[in-house]
Amino acid sequence: MNISVKTHDITISNQSPLVLIAGPCQIESRNHAHGMADSIKHICYRLGIPLIFKSSFDKANRSSASGKRGVGIDKGLKILEEIKYTFDVPVITDIHEPWQADAVKSVVDVIQIPAFLCRQTDLLIAAGKTGLPVNVKKGQFLSPAEMKNVAEKIFSTGNDQIMLCERGTSFGYNNLVVDFRGLEIMKSTGYPVVFDATHSVQQPGGMGTSSGGDRSMVWPLSRAACAMGIAALFMEIHDNPDQAPSDGANMIPLDQAEQVLADLKALDYYAKSR
């Protein structure tokens, strides 16, 4: 079984050319989201990489109650809808509760399930029932083989448009490690596999009231993942990550993105041509 996920004119599969899922961690403002979408879209156009624009209307899983969460579902969906039609790109966002699936399905093209919620049966089924593609991040606490059970919950709704996303595994306190065997294990399910390059270098709660990270490791891990042949690369990109309200330590600076994405595209081509 080799499933292809389709959205707009983009085909996402473990055999197809690499797709990029990218954008800032959270929607900070209308102007910022539009600016980031415009810049990333132009980079992808020049490189010939299909883009799905990502940003979250609510980052519900914060290290601290004081952490900034985003603009909220109503304002956030309006901004995502504008981006979708202004820049002619599919959009993806997280949901955290089952009722949000119905709320987002008329706007977004792909629904994302956060890692900490990947076993929440009601949430997975609600996402599956929308008929939209669903990108499920593997929980930091979960083995790659267990993602088959996660996919089966979504598939029980009749929806086979499922992507499985690696984003690191807990390795002691405040640290993650990537076991690249997991990419092959998840590919054996037949579903497209996504590598989350930026959350994989996160240091959860590592700064006390917020998470840290080491963005210098994003490129090496991305190269390894692309050399193995993945369907899509998830990457949070920001024009000024050190000033971002969330995940700044592991987001990629916009001005570094194009050259490295060009290298990753070449690696992807080599891996899949063999």
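Residues numbered from 1 in each chain as written. Predicted model: local features only at pLDDT ≥ 70, side-chain atom pairs only at ≥ 80, totals over all residues. Heavy atoms only, no water.

### Quick word on the overall build of the protein
Secondary structure summary: the protein contains eight helices and 15 strands in total. On C-alpha atoms alone, the protein measures out to a radius of gyration of 17 Å, which is about the 19 Å that the 2.2 N^0.38 rule sets for 274 residues. Evaluated residue by residue, the protein yields a buried proportion of 55% over its 274 residues. Pairs at least 24 apart in sequence give 70% of the contacts found in the protein among residues at least 6 apart. (Helix = DSSP H or I, 4+ residues; strand = E, 2+ residues; numbered from the N terminus. Rg over C-alpha atoms; globule rule 2.2 N^0.38 Å. Buried < 20%, exposed > 50% of the residue type's maximum accessible area, 1.4 Å probe, protein only. Contact = heavy atoms within 4.5 Å.)

### Topic: the nonpolar core
Soluble globular proteins tend to bury their nonpolar side chains together. Counting residues in each nonpolar core, the largest one holds 71 residues, and the members touching the most others are I113, F195, L233, M235 and L261. Examining the composition of this core, we find that seven residues originate from one element, helix 1 (residues 30–47), more than from any other. Those residues in contact with F195 that sit more than four places away from it in its chain are E166, V178, F180, L183, S200, L221, S222, A225, I230, A232, L233 and F234. Counting 14 residues, the second largest nonpolar core, distinct from the first, contains I12, V19, I52 and V194. (Core = buried A, V, L, I, M, F, W, Y, C linked by side-chain atoms within 4.5 Å.)

### Regarding helix 7 (residues 218–228)
It helps to recall that an α-helix has 3.6 residues per turn; residues three or four apart then point in one direction. Taken as a whole, helix 7 has its buried residues at V218, W219, L221, S222, A225 and C226. With its buried residues spanning 160° around the axis, helix 7 presents them on a single face. Its buried side turned inward, helix 7 meets helix 6 (181–187), strand 11 (193–196), strand 14 (232–238), strand 15 (252–253) and helix 8 (254–273). A positive phi of about 85° marks G229, the residue just after helix 7. (Arc of directions from axis to C-beta.)

### Section: helix 1
Under the 1.5 Å per step criterion, the end-to-end length of helix 1 is 26 Å for 18 residues, consistent within 8% with the ideal 26 Å. Buried residues in helix 1 make contact with strand 3 (19–23), strand 4 (51–54), helix 2 (73–86), strand 14 and helix 8. (Expected span 1.5 Å × (residues − 1).)

### Overview of the pattern of salt bridges
What the rule picks out here adds up to eleven salt bridges. Notably, a salt bridge pairs E82 with R30, separated by 2.8 Å at the nearest N-O pair. Here the residue E82 occupies a position in helix 2, and R30 occupies one in helix 1, the gap between them amounting to 52 residues. Taking relative accessible area as the criterion, E82 reaches 21% and is therefore assigned partly exposed. Take R30: its relative accessible area is 41%, and that puts it in the partly exposed class. (Salt bridge = Lys/Arg side-chain N within 4 Å of Asp/Glu carboxyl O.)

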